[in-house]
Amino acid sequence: MTERTIALVTGANKGIGYEIAAGLGALGWSVGVGARDDRRRSAAVEKLRAAGIDAFGVPLDVTDDASATAAARLIDGQAGRLDVLVNNAAIAGDMPQEPTRTAPATVRAVVETNVVGVIRVTNAMMPLLRRSASPRIVNMSSSVGSLTRQSGPDPERTAGPVAVAYAPSKTFLNAVTLQYARELSGTNVLINVGCPGYVATDLNGFRGVRTPEQGAAIAIKLATLPDDGPTGRFFDDAGIVPW
């Protein structure tokens, strides 16, 4: 692109989302820091700008229709289009999540953020993405959403603990991504799923073994795919993740 690339990263005030924003900004892009907490969002933008990144704050609660609409209006007014959307915002929900002991309200809350929130933000941003010469959508999922890995006979290959809200929310997100890929087939919009690996964040009590910067790498790779790149696929650093 001859113009500066415009990106929006949801949940970008901390952790993997912040590192995705930092990585895209290091490419010379203008990056919207999507976050619902005003103080944390402003602090993240200030930190990114101090590092020489063209960052701007985007107030965004992915569970709220009006917030998503307002975020799209803000980006439209600032840039007139959106080139890359990274749907990173997610919650784990209260743990533990054994199916027989988990309240339906917990499942509902996790799906509202991790799945419905992605649909809400993607649809709000779609008119702006369609104005881009090379629009990219990256949905941040997890290997715990892989039914193949969840049902594997090898305990070392079985992804994550039993979690009736979080794990199926990522399976749901993967399926939703495929539906978008089918609808957008034949357009210039590429949409893919990325798994960051087991990253130390507050979502898992910082028990992960990878850094947020390492976790951000797959999102940056998928955000910068060439025009003939894949769409409707599930990737981690090692390559294709089985559905």
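Fair warning: this is a prediction, and the values are worked out from it, not measured in the lab.

A. Main features of the sheet that holds strand S8 (residues 239-240). Reading across from one edge, S3-S2-S1-S4-S5-S6-S7-S8 is the order of the 8 strands in this open sheet, with mixed pairing throughout. Looking at which strands have only one partner, the edges of the open sheet turn out to be strand S3 (54-59) and S8. Each of strand S1 (6-10), strand S2 (30-35), strand S4 (84-87) and strand S5 (136-140) is contacted by helix H1 (residues 15-25), which is oriented at about 170 degrees to S1, the strand it contacts most. Strands in contact with helix H6 (residues 166-183) are S5, strand S6 (190-194) and strand S7 (234-236); relative to S6, the strand with the most contacts, it is inclined by about 165 degrees.

B. Structural detail: the pattern of salt bridges. Per the counting criterion, the structure on display carries 9 salt bridges. For Arg41, the salt bridge identified is with Asp38, shortest N-O distance 2.6 Å. Taken together, the positions of Arg41 and Asp38, both in helix H2 (residues 38-50) and 3 residues apart, correspond to about one turn of that helix. Its relative accessible area of 8% is what places Arg41 among the buried residues. Through salt bridges with shared partners, a single ionic network connects Glu3, Arg81 and Asp83.

C. Spatial organisation of empty space enclosed by the protein. All chains considered together, the criterion is met by 1 cavity of 30 Å³ or more. Taken as a whole, the largest cavity spans an internal volume of roughly 40 Å³. Taken together, Thr10, Val62, Asn87, Ala89, Thr113, Gly117, Val118 and Val121 make up the lining of the largest cavity. Per-element tally for the lining of the largest cavity: the top contributor is helix H4 (residues 104-129), with 4 residues. Here the lining of the largest cavity is built from residues that sort into 4 nonpolar, 4 polar and no charged.

D. Region of interest: helix H3 (residues 65-79). Over its 15 residues, H3 runs 21 Å from end to end, which matches the ideal 21 Å to within 8%, given 1.5 Å per residue. By the burial criterion, the buried members of H3 are Ser67, Ala68, Ala71, Ala72 and Ile75. Relative to the axis of H3, the buried residues are bounded by an arc of 135 degrees and lie together on one face. Of the exposed residues in H3, the ones pointing more than 90 degrees away from its buried face are Asp65, Ala66, Arg73 and Gly77. In this structure, the buried residues of H3 make contact with S1, S3 and H4. Here H3 starts with a cap whose side-chain oxygen sits 3.2 Å from the backbone nitrogen of Ala66, and that cap is Asp64.

Calculation notes
Residues numbered from 1 in each chain as written. Predicted model: local features only at pLDDT ≥ 70, side-chain atom pairs only at ≥ 80, totals over all residues. Heavy atoms only, no water. Pairing = 2+ DSSP bridges. Helix = DSSP H or I, 4+ residues; strand = E, 2+ residues; numbered from the N terminus. Contact = heavy atoms within 4.5 Å. Axes fitted to C-alpha atoms, helices over the stretch in contact; angles between N-to-C directions. Salt bridge = Lys/Arg side-chain N within 4 Å of Asp/Glu carboxyl O. Buried < 20%, exposed > 50% of the residue type's maximum accessible area, 1.4 Å probe, protein only. 1 Å grid on protein atoms, 1.4 Å probe; cavity = no way out; pocket = protein on both sides within 12 Å on 5 of 7 lines; lining within 4 Å. Points joined across faces, edges and corners; volume = space filled by probe spheres on them. Nonpolar A, V, L, I, M, F, W, Y, C, P; charged D, E, K, R; others polar. Expected span 1.5 Å × (residues − 1). Arc of directions from axis to C-beta. Polar contact = N/O pair within 3.5 Å; in protein donor to acceptor, adjacent residues only side chain to side chain.

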